[in-house]
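Analysis of the macromolecular model
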Amino acid sequence: MKLRINGTTFRVEAHPLERLLDVLRIQCKLTGTKEGCGEGECGACTVLLDGEPVNACLVPVAHAEGRSITTIEGLGGTEGSHPLQRSFVEQGAAQCGFCTPGMLISASVIPAGARREEIRCALAGNLCRCTGYSAVYRAVELARAKRARRRAR
Amino acid sequence: MPPRPRRPRPLSVVGTSPPRLEGAAKVAGTARYVDDLEFPGLLLGRTIRSTVPRGELLGWSMGRRPRGLHVVSAADIPGRNAIALLEPDQPCLVRREIRHAAEPVLLLAHEDRDALASVAVELRERPRKAQLDVRASRSFCKEILIEKGNLSRGFARADRIVEGEYTTGHQEQLYVETQGVIAVPEKDGVTIYGSLQCPYYVQKALVELLSLPPERVRIIQVETGGGFGGKEEYPSMIAGHAALLALKSGRPVKLVYDRSEDMLATTKRHPSIVRHKTGVRRDGSLTAMQIDVLLDAGAYVTLSPVVLSRGVLHAAGPYRCEDVQILGRAAMTNTPPNGAFRGFGAPQTQFAVEVHMERIAEALGIDPLELRRRNALRPGDTTATGQRLGADCSALPCLESAVRRSRFVARRRAIEKHNAKARVSGGPLRGIGLALFFHGSGFTGAGEVKLASRAALELTPTGARILVASTEIGQGTRTILSQIVAEELGWPLSRIEVADPDTREVPDSGPTVASRTCMIVGEILRRCAQSLKRALGRMTPRQYLAKNGPLVVTEQYDRPKSMHWDDVHYRGDAYGAYGYGCDVIELEIDPVTAEVRPAEVTAVQDIGRAIHPVLAAGQIEGGTAQGIAFALAEEVVMRDGRMANAQLTNYAVPTPLDTPPMQVEILEFPYGHGPFGAKGVGEMPIDGPSPAVVNALRHAGLDIRDIPAVPERIAGLVDSMRGAAT
Ligand code: FES
Ligand code: FES
């Protein structure tokens, strides 16, 4: 089976019902995507499937075949150079960092100009036990504001 | 003790908020946690657990064994079958006696996940009657009595006596990364890679379990996805299991719990029952406090005596009273052992005292704010153990600042008007509540002396390398310790490196617990930096190394001369320093769903000095969110001694939707023996939210004395309140 992940094609051998999460982590060695519960509750395993955030622990790998998958490794490379990644560090939105990849993936599809309430709703499926979320909201707002400023110039 | 005056000198690194050192790796997804590590020939482990809360193990049988399956039982343990910590009562694997459900009995390992999962094991257990009621338990693993003044004299001076009982439930730490380790067999010992807080605790446990000398038991902490106390003592258990499997199979073994096993088997916050009997004068001054604290320790001692200790030492709250008696007991039950969780006993006892203060104000008909103003500890006052507080005692400034920032008085008035209408119209009710609290940093006086922690600095060609066993678990250890060292040396942060916590490389700087990393280990490191500076003189590191060869300076904990603590009578200076805090929480109660929605949160906390203001605020925000959920949402349902809701689907940790915006203010009343004045910050934020929430509910008319106040409980109260109103 072929998977298109972060713009690269991966050839994997997997039972169609195997969890996308395991295929990503074990076969593709993309360990940035985390497992926090395995039951669709924590969002640590969030990836984009054709641009939509999904819980990779609930998605059978066959379901992802032929679609475009984005993991944290595809967001800003090994440097973490996406504006959201930078503002997460700056604002202290990553403490232990375990929820962070999933949180960033969910945050990456929040439209610019989103208000606080919209940000909260967009991140509702991502648990963070460390930050109490305040820093996460600040980081998302800051990155969005920076992007808007850049556009305006 | 007055803070040692320091030459005020402008700080250039401390007090700034540089990017946390491992931040880039964490956001890029390249930070490696234990489950991300690979080893050739790796086996996966699985734990078979008891199903009854008490009984005897008569034997076990196993269905078809796949080829390549490794099995470990108690008979395979080369050393002592116990997890060495305070008492050797907890076995690593059950031999015969079962004391709680989900107690580990057998260990399996196999290279194939599916094959491992398919093995069917049947335990033959003879159940016996279990003690599941902490109030009925007569078996105590620790009793502590604190006495100050003369209780009957205090009660004799009182105009009123107010009594109350307050209870709190279990709470699960719920680090997002579950417990996990990898054990690698070595030629003459074992190496553990683990998600853990205290490498040297794990080493101590494995030395006894495996009967190996310490140098052959190497513990390496890898990037850790949260701990909150949950990875203080339990990693010794899971590391023991993985090590036994690795030694028997001769191959590396990974044991990573799934969420449900983690919730069923690992430690939680101790449930508590606290009773208060308080003498007060008409003007509100406290004349006598009699407090009885009962904690549910669970089936083994683990850290319960120390949790009880911190619980009783905070039980009187940040209040002055001359005649005090506090009796604490930790009772054994046949439930999984409870253990360390952020706050460590103090959130339970301060919940009780702060809700009780509100009830005292009610009984006297005075403003609860005035009651706190009158009784809050001031510099020169003494605590229940007779500790005289220095100029850094900031209870009143915290209170005043929180009241001002939250516009407490005006909001309270507005809410009362709102509620008068809502009671008629059936609209949502609102409430505002506050809580004043304190938290001792570090181990108790004697505890730090016994630990005698060490830290070291190694000179590198470009700067210095920090060698400590203190772990980074999200709170920012690496970054703040580097800042302290850089500041003392007068170097930029980029010249400081931090070694991985690896028992082969770093000295034992004590456990990463008790809000002690910054204040205690940070100060030892600051002294290391001082010595390093002296040794260098005018030379650059490179010049020094060329001339004299390698340099490592090591310093040890040095008790402040003025500090005295009597562990037998619980008298004296319990902690080196106290942080203080005041939370104000405003909330809304949905009259239909009985859902309580925190709307505004103000948290003001004095932490001596914020080494890194962004990280410090992060501790306050995160701890506050956990504390609010402790009061309102997080309910561990125990059925027959077993957690019945061991899943994230029905154990409600706060999501972004449940977490209100917070206003955080950090006050700095420096502590003379902390690095640049710093006290601890990690735990205190979780002490205040639960009483503030419950006091806000009381303000809305709901009399709550037991938490978690989950919607089902609130619903009953709302209904009866409406019944009374119509
Ligand atoms: S691991 Fe997928 S939602 Fe938790
Ligand atoms: S940063 Fe630790 S869970 Fe979010």
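Residues numbered from 1 in each chain as written. Chains lettered and ligands numbered in written order. Predicted model: local features only at pLDDT ≥ 70, side-chain atom pairs only at ≥ 80, totals over all residues. Heavy atoms only, no water.

A short note on the overall build of chain A
The line we're drawing: For the purposes of this entry, the term helix denotes a DSSP run of H or I that reaches at least four residues, the term strand denotes a run of E that reaches at least two, and both are numbered from the N terminus. Buried, partly exposed and exposed residues are distinguished by accessible area as a fraction of the type maximum, computed with a 1.4 Å probe on protein chains only: under 20%, between the cut-offs, and over 50%, respectively. Contacts: residue pairs with any heavy atoms within 4.5 Å of one another. Shrake-Rupley sampling with a 1.4 Å probe provides the accessible areas, and residues are treated as covered by the protein chains on show and by no other component. His residues and chain termini do not enter the charge count, which takes Lys and Arg as positive and Asp and Glu as negative. Here the site of a charge means atom NZ of a Lys, CZ of an Arg, CG of an Asp or CD of a Glu.
For chain A, the count of helices and strands is 7 helices and 5 strands. Its helices and strands in sequence order give chain A the pattern β-β-α-β-β-α-β-α-α-α-α-α, from N to C terminus. Counting only C-alpha atoms, chain A reaches 45 × 35 × 25 Å along its principal axes. When burial is assessed residue by residue, chain A has 54% of its 153 residues classed as buried. Residue pairs at least 24 apart in sequence account for 56% of intrachain contacts in chain A once pairs closer than 6 positions are excluded. Surface exposure of chain A reaches about 6,300 Å², of which carbon and sulfur atoms provide 50%. Taken as two groups, the 21 positive and 15 negative side-chain charges of chain A have centres that lie 9 Å from each other.

Section: the nonpolar core
For soluble globular proteins, the rule of thumb is that nonpolar side chains tend to be buried together. To keep things clear, this is the line we draw: Take the buried residues of types Ala, Val, Leu, Ile, Met, Phe, Trp, Tyr and Cys, join any two whose side-chain atoms come within 4.5 Å, and each joined set is a nonpolar core.
Core analysis: the largest hydrophobic core is formed by 101 residues, its most contacted members being B:I326, B:I589, B:L697 and B:I714. With residues up to four places along the chain from it excluded, the contact list for B:I326 reads B:I144, B:L145, B:I146, B:I291, B:V312, B:A315, B:A316 and B:A384. Of all hydrophobic cores here, the second largest spans 47 residues; its members include A:F88, A:C96, A:L104 and A:A114.

Side note on empty space enclosed by the protein
Residues and elements named next belong to chain B. Short version of the rule: With a 1 Å grid laid over protein atoms only, a set of points is called a cavity when a 1.4 Å probe fits there but cannot get out and a pocket when it is open yet has protein on both sides within 12 Å along at least five of seven lines; lining residues have an atom within 4 Å of a point. Grid points are joined across faces, edges and corners, and a volume is the space filled by probe spheres set on the points. In this classification, Asp, Glu, Lys and Arg are treated as charged, Ala, Val, Leu, Ile, Met, Phe, Trp, Tyr, Cys and Pro as nonpolar, and every other residue, Gly included, as polar.
If you walk through the whole model with that rule in mind, you get 9 cavities of 30 Å³ or more. Taken as a whole, the largest cavity encloses approximately 570 Å³ of empty space. Lining the largest cavity we find 37 residues, and of these Q475, S515, Q619, G682 and E683 sit closest to its centre. Mapped by element, the contributors of at least two residues to the lining of the largest cavity are α13 (477–489), α14 (517–536) and α16 (613–632). In terms of residue class, the lining of the largest cavity is built from 17 nonpolar, 14 polar and 6 charged.

Let's talk about the sheet that holds strand β16 (residues 429–441) of chain B
All names here are of chain B. Quick note on the threshold: A pair of strands is considered paired only if DSSP assigns at least 2 bridges between the two. For helices, the axis comes from a line fit to the C-alpha atoms of the stretch in contact; other axes are also lines fit to C-alpha atoms, and the angle between any two N-to-C directions lies between 0 and 180 degrees.
Pairing within the open sheet is mixed, and its 4 strands lie in the order β16-β23-β24-β27. At either margin of the open sheet sits one strand with a lone partner, and together these are β16 and β27 (662–667). Put simply, the sheet's adjacent strands are angled 15 degrees from each other on average, direction ignored. Where β16 and strand β23 (residues 577–589) come together, 13 bridges link them in antiparallel fashion. Paired with S441 across the strands is A577, a residue of β23.

Here's the deal with the domain arrangement of chain A
Residues and elements named next belong to chain A. To keep it simple, the criterion reads: The start and end points of each domain follow an automatic or database-based domain assignment. Buried area is a sum: the accessible area each of two parts loses on coming together, probed at 1.4 Å, counted once for each and added. Only one rule defines a salt bridge in this text: a Lys or Arg side-chain nitrogen within 4 Å of an Asp or Glu carboxyl oxygen. Under this definition, polar contacts are N or O atom pairs within 3.5 Å; protein pairs additionally need one hydrogen-donor-capable and one acceptor-capable atom, and for neighbouring residues in sequence, both atoms have to be side-chain atoms.
According to the domain assignment, chain A consists of domain 1 (2–74) and domain 2 (77–152). One C-alpha centre belongs to domain 1, the other to domain 2; they are set 21 Å apart. Between domain 1 and domain 2, the contact holds 16 residues from the first and 13 residues from the second. Buried area between domain 1 and domain 2, both sides added, is near 1,100 Å², and the carbon and sulfur share of it is 66%. When the area that domain 1 buries against domain 2 is broken down by residue, the three leading residues are K34, T46 and I72, summing to 39%. Connecting domain 1 to domain 2 are 0 salt bridges. The interface formed by domain 1 and domain 2 holds 4 residue pairs in polar contact (both at pLDDT 80 or more) in total. By residue class, the composition of the side of domain 1 that touches domain 2 is 6 nonpolar, 6 polar and 4 charged.

Brief notes about helix α1 (residues 20–27) of chain A
Residue and element names in this part refer to chain A. Burial within α1 is extensive, with 6 of its 8 residues counted as buried. What α1 keeps buried is the set L20, L21, D22, V23, L24 and R25. Looking at the packing, one finds that the buried side of α1 touches β1 (2–5), β3 (46–49), α2 (61–64) and β5 (68–70). Downstream of α1 by one or two residues, K29 has phi in the positive range, about 55 degrees.

Comments concerning the packing of aromatic side chains
Residue and element names in this part refer to chain B. Where we set the bar: In summary, the pairing rule links any two rings of Phe, Tyr or Trp, Trp by its six-membered ring, whose centres are within 6.5 Å, and it sorts them by plane angle into stacked for under 30 degrees, edge-to-face for over 60 and tilted for everything else.
If you walk through the whole model with that rule in mind, you get 8 aromatic pairs over all chains. Geometrically, the ring pair formed by F438 and Y578 is stacked, given 5.2 Å between the ring centres and 15 degrees between the ring planes. Placement of F438 in strand β16 and of Y578 in strand β23 is noted, with a sequence separation of 140 residues between them. Considered together, F438 and Y578 belong to a single accessibility category, that of buried residues. Measuring from ring centre to ring centre gives 5.1 Å for W565 and Y570, while their planes differ by 75 degrees; the resulting arrangement is edge-to-face. This pair shows no difference in class: W565 is buried, exactly as Y570 is.

Here we look at the interface of chain A and chain B
In this assembly, 49 residues from chain A lie in contact with 54 residues from chain B. Across the chain A to chain B interface the summed buried area is about 3,800 Å²; carbon plus sulfur atoms make up 55%. Joining chain A to chain B, the criterion identifies 6 salt bridges. At the level of elements, α1, α4 (83–91), α5 (100–107), α6 (116–122) and α7 (134–152) of chain A are the ones that each hand at least two residues to the side of chain A that touches chain B. Residue contributions to the side of chain A that touches chain B peak at 5 residues, all from α4(A). Tallied by class, residues from the side of chain A that touches chain B come to 20 nonpolar, 16 polar and 13 charged.

Digging into the pattern of salt bridges
Between side chains of opposite charge, a pair can form when the charged atoms approach closely. All names here are of chain B. By the definition in use, this model includes 59 salt bridges over all chains. Measuring nitrogen to oxygen at the nearest pair gives 3.5 Å for the salt bridge that ties E56 to R126. Here R126 lies in strand β6 (residues 121–127) and E56 lies in strand β2 (residues 55–62), a separation of 70 residues in the sequence. Linking E358 and R372 is a salt bridge whose minimum nitrogen-to-oxygen distance equals 3.0 Å. Within this pair, whereas E358 is found in helix α8 (residues 346–364), its partner R372 is found in helix α9 (residues 368–375), the two being separated by 14 residues in sequence. The buried category is assigned to E358, whose relative accessible area is 11%. In this structure R372 comes out as buried when scored by relative accessible area, which is 0%. Linked by salt bridges that have partners in common, R20, E22, K26, E223, E472 and R478 make up one network.

Some points on the sheet that holds strand β13 (residues 272–280) of chain B
Residues and elements named next belong to chain B. Spatial ordering of the open sheet is given by β7-β15-β14-β13-β8-β28, a layout of 6 strands whose pairing is mixed. The outermost strands of the open sheet, each flanked by one partner alone, are β7 (140–148) and β28 (706–707). Note that strand β8 (residues 160–168) and β28 share 2 bridges and pair parallel. Among the inter-strand pairings, T168 is bridged to a residue of β28, identified as I707.

Here we look at unusual backbone geometry
For the bond from B:I707 to B:P708, the omega torsion is 10 degrees, close enough to zero to count as cis. Even without being glycine, A:K29 reaches a positive phi, approximately 55 degrees. If you trace the backbone, A:K29 turns up in the loop between α1 and β3. Not every positive phi belongs to a glycine, and B:T302 is a case in point at roughly 35 degrees. Overall, the relative accessible area of 7% leaves B:T302 in the buried class.

Some points on the environment of A:G97
Positionally, A:G97 belongs in the loop between α4 and α5. For A:G97, the residues in contact, after removing those within four places along its chain, are B:K26 and B:Y33.

What about the pairing of strand β17 (residues 454–459) of chain B?
Residues and elements named next belong to chain B. Sheet topology places β17 next to strand β20 (residues 552–556); 5 bridges connect them, and they run antiparallel. Of the residues in β20, the one forming a bridge with A456 is T554. Linking β17 to strand β18 (residues 464–467), which pair antiparallel, is a turn of 4 residues.

A look at the packing of α4(A) against α5(A)
All names here are of chain A. Convention followed: An angle counts as roughly parallel when it lies under 35 degrees, as roughly antiparallel when it exceeds 145, as roughly perpendicular when it falls between 65 and 115, and as oblique in every other case. Should the near helix be turned counterclockwise from the far one by less than a right angle, the crossing is left-handed, whereas a clockwise turn marks it as right-handed.
The interhelical angle for the contact between α4 and α5, taken along N-to-C directions, is 130 degrees, at an axis separation of 10 Å. By the angle class used here, α4 and α5 are oblique. Our pair here, α4 against α5, has a crossing hand that is right-handed. Residue-level inspection shows L84, Q85 and F88 of α4 in contact with α5, the latter providing T100, M103, L104 and A107. Split by residue class, the contact of α4 with α5 holds 5 nonpolar, 2 polar and no charged.

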